[in-house]
Amino acid sequence: MRVTFYGACREVTGSNILIETDGRKILLDCGFYQGYNLSEKRNYSLFPYKPDSVDFVIVGHAHLDHTGRLPKLVRDGFKGRIFATAPTKELTELVLEDSQKLIEEESRRDNHPPLYNNQDVRGVLELFEVIPYEETLEISPGVKLTLKNAGHILGSAVTILEASGKRLVYTSDLGNTPSMLLEPPKFIDFADYVICESTYGGKEHEEPSRRGEKLSQVINATIATSGVLLIPSFAVERTQELLHDIEDFCTINKCEKPTFFLDSPLATKVTNVFRKYPEFINQKVRLLHQDNNFFGLERLKITLTQEESQTIDEAPEPKVIIAGSGMMNGGRILYHAQKYLGDPKNTILFAGYQAAGTIGRRILDGEKEVRIYGKKVHIRAGIESIRSYSSHADLPQLVNWLSKMKNVHKVFLVHGEIEQQSSLAKSIKQKMAIEAVIPRQEESYEL
Ligand SMILES: [Zn+2]
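Right, let's walk through the structure included here. Because the structure is predicted, anything quoted here is derived from the model rather than measured. (Residues numbered from 1 in each chain as written. Predicted model: local features only at pLDDT ≥ 70, side-chain atom pairs only at ≥ 80, totals over all residues. Heavy atoms only, no water.)

### A look at the nonpolar core
We apply this condition: The nonpolar core is taken to be a set of buried Ala, Val, Leu, Ile, Met, Phe, Trp, Tyr and Cys residues, with the residues joined through side-chain atoms within 4.5 Å. Residue burial is assigned from relative accessible area. The probe radius is 1.4 Å, only protein chains are included, and a residue is buried under 20% of its type maximum, exposed over 50%, and partly exposed in between. Strands are runs of DSSP state E lasting at least two residues, helices are runs of H or I lasting at least four, and both sets are numbered from the N terminus onward. Each domain's extent is set by a domain assignment, obtained either automatically or from a database. By the convention used here, residues are in contact when the closest approach between their heavy atoms is within 4.5 Å.
One finds Leu 73, Ile 82 and Leu 154 to be the most contacted residues of the largest nonpolar core, which totals 70 residues. Sorting elements by how many residues they give to this core places helix 4 (residues 86–110) first, with six residues. In this structure, this core is formed jointly by two domains, domain 1 (2–203 + 391–446) and domain 2 (209–389), each of which donates at least three residues. Sequence-distant contacts of Leu 154, defined by excluding residues within four places in its chain, comprise Pro 87, Thr 88, Leu 91, Leu 182, Glu 237, Val 273, Phe 274, Tyr 277, Phe 280 and Ile 281. Among the nonpolar cores identified, the runner-up in size contains 28 residues, and Met 1, Phe 83, Val 143 and Leu 168 belong to it.

Structural data, given as structure tokens:
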């Protein structure tokens, strides 16, 4: 079995790993690189393998940095099968449709052909084969695949591949425990090799109980100043968690104010997928909401069209606007940022990972001026962040999850910035006496 790392090497986006075994080529994820520009140049480069020679893709979860280059893979000749859970397929459809629109907008603006079109996205969906958690499938003679709950986003899966007498485990992304909406990641009893994400490999999250408290503080401060609270939010999972917390906040505070806007058509559609698959939501939340109304949608103003979105401007303050994209590298949040971030009575609240180079990261790092659509925006609004909304396991959680696996010869760390990876590699070595390798782009290992 040979493994070659083609993405998310010493960085957090672009996940793409090639496994060659038993005469088959299998890709684990095929993600987008996400930096300042929505479609970084690297997304346009040729794949370093022949897409038409790839037999299978296993998609761990629907996030764009794990799925975003699938349409290009199909456009460039891939005709094999794509394995994932049912929610991953549906969420991937929504995520790709949305990114395709943004790609088209960007290509018009920057005057180059788009990376892919709607037909390519349709082509991806036709190749999906939906499989449940916990069932082992022989995808090719001698090659077995099992998916287990990764607890990261709805339908997310840890992949177990068994072939050539080896057992390889790939986390894709591993969830933060306890997750508000999902069951925790399943422990795996043994593996020979593990490819593990490391987004927060050097950090410990805040106590999750602080999450609701901090959110309440920030909303109350917005009410007190009669300001505007912007929450750039990831459409998948983060928004639904926020909505669930806001529902709690409103129930506890019996609040009339502020007005809450969900200004993200994508997040709205994603929320409907969550309601369609209640069996993928944890038991605690299901028992509390037997009507499957997990998100208190009646409290929100949902703005789907551009015209509806513009009515938010006229709505009286205080108001809370949840809009994508989560790292501010596109989407309606940029419009609201231009309008509201210059005023000190307003606040921006980050509730998720901000990749290096994104507008979100620059604001979070304290830059006083950013350019949005070519216009200078002076940042005078308050800046807050709640790290415990992360849907990624932190250092102690990653080490704990890894330590449940017996027989591991080597761990490969992907999907993390190098400082995070070095910390995690050190901890793995100290606590488990296992070598942790941090592969560079295109490095290849015989297992
Ligand atoms: Zn993810």
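And the narrative resumes.
### A few points about the coordination of the zinc ion
Which entries qualify depends on this criterion: Donors, by definition, are the N, O and S atoms found within 2.8 Å of a metal, the threshold being 3.2 Å for Na, K and Ca, and water is not counted, so a site can look incomplete. Irregular is the label for any site that misses the other tests, which are tetrahedral for four donors with all angles between 85 and 135 degrees, and square planar for four donors or octahedral for six when opposite donors exceed 155 degrees and the remaining angles lie between 65 and 115.
Around the zinc ion, the protein contributes the donor atoms His 61 (NE2), His 63 (ND1), His 152 (NE2) and Asp 173 (OD), at 2.2 to 2.3 Å from the metal centre. Its four donor atoms give the zinc ion angles of 92 to 167° at the centre, a pattern that matches the irregular case. Spacing between the donor residues of the zinc ion along their common chain follows H-x1-H-x88-H-x20-D. Of this pair, His 61 sits in the loop between strand 4 (56–58) and helix 2 (64–67) while Asp 173 sits in the loop between strand 10 (166–170) and strand 11 (193–197); the two residues are 112 residues apart in sequence, bridging distant segments of the chain. Here His 61 and Asp 173 have matching classes, each one buried.

### Remarks on unusual backbone geometry
The amide bond that connects Thr 177 to the next residue, Pro 178, takes the cis arrangement and shows omega of -5°. Topologically, Pro 178 is positioned in the loop between strand 10 and strand 11. Going from Gly 324 to Ser 325, the amide bond is cis rather than trans, its omega being 5°. Considering the arrangement of structural elements, one finds Ser 325 in the loop between strand 15 (319–323) and helix 11 (333–340). In this model, Ala 8 sits at a positive phi of 50°, which is unusual for a non-glycine residue. With respect to the helices and strands, the residue Ala 8 is situated in the loop between strand 1 (2–5) and strand 2 (16–21).

### Let's talk about the environment of Ala 86
Among the secondary structure elements, Ala 86 is positioned in helix 4. Each C-alpha atom of the pair Ala 86 and Ser 156 lies 9.9 Å from the other, and the pair is 70 residues apart in sequence. In this structure Ala 86 touches Val 130, Ile 131 and Tyr 277, once residues within four positions along its chain are discounted.

### Describing the sheet that holds strand 7 (residues 137–140)
Put simply, the rule is: Two strands pair if DSSP finds at least two bridges between them. Every axis corresponds to a line fitted to the C-alpha atoms, with the helix fit spanning only the stretch in contact, and the corresponding angles, defined between N-to-C directions, vary from 0 to 180 degrees.
Across the sheet, which stays open at both edges, the seven strands sit in the order 7-8-9-10-11-20-21 with mixed pairing between neighbours. Each edge of the open sheet carries a strand with a single partner, namely strand 7 and strand 21 (435–437). Geometrically, the sheet is characterised by an average inter-axis angle of 25° between neighbouring strands, direction not taken into account. Taken together, the six bridges between strand 8 (residues 143–149) and strand 9 (residues 157–163) define a ladder with antiparallel strand orientation. Bridge assignment links Thr 146 to a residue of strand 9, and that residue is Ile 160. Taken strand by strand, helix 14 (residues 418–432) contacts strand 11, strand 20 (410–414) and strand 21, and its axis lies near 165° from that of strand 20.

### Observations concerning the packing of aromatic side chains
So the rule is basically this: Any pair of Phe, Tyr and Trp rings, taking the six-membered ring for Trp, is counted once the centres come within 6.5 Å. Such a pair is stacked with planes under 30 degrees apart, edge-to-face with planes over 60 apart, and tilted for the rest. Definition used: whenever NZ (Lys) or CZ (Arg) falls within 6 Å of the ring centre and also within 35 degrees of the ring normal, the charge is taken to sit over that ring.
A complete count under the given rule lists 11 aromatic pairs for this structure. Geometry around Tyr 33 places Arg 42 over its ring, the cationic atom sitting 3.8 Å from the centre. Against the face of Phe 190 rests Arg 167, its NZ or CZ located 4.0 Å from the ring centre.

### Some details on the pattern of salt bridges
Heads up, the rule is: Note on definitions: salt bridges are taken to be side-chain nitrogens of Lys or Arg within 4 Å of carboxyl oxygens of Asp or Glu.
As enumerated under the stated definition, the model contains 19 salt bridges in all. In this structure, the salt-bridge partner of Glu 97 is Arg 122, at a minimum N-O distance of 2.4 Å. One end of the pair, Glu 97, is in helix 4; the other, Arg 122, is in helix 5 (residues 118–126), and 25 residues separate them in sequence. Using a relative accessible area of 18% as the deciding quantity, one classes Glu 97 as buried. With a shortest N-O distance of 3.6 Å, Arg 361 and Glu 417 are connected by a salt bridge. Residue Arg 361 is located in helix 12 (residues 359–364), and its partner Glu 417 is located in the loop between strand 20 and helix 14; the two are separated by 56 residues in the primary sequence. Ionic contacts of the salt-bridge type, sharing partners, join the residues Glu 93, Glu 97 and Arg 122 into one network.

### Considering the side chain of His 415
Short version of the rule: Residues adjacent in sequence count toward polar contacts only when both atoms are side-chain atoms; beyond that, a polar contact is any pair of N or O atoms within 3.5 Å, and within protein one must be able to donate a hydrogen and the other to accept it.
Its location among the elements puts His 415 in the loop between strand 20 and helix 14. On the basis of relative accessible area, His 415 is assigned to the buried category, the value being 1%. Polar side-chain contacts of His 415 include one of 3.0 Å to the backbone oxygen of Val 12. A distance of 2.9 Å separates the side chain of His 415 from the side chain of Thr 199, its partner in a polar contact. With residues near it in sequence (within four places) discarded, His 415 still touches Ala 8, Glu 11, Val 12, Ser 15, Asp 65, His 66, Asp 173, Glu 197, Ser 198, Thr 199, His 392 and Gln 421.

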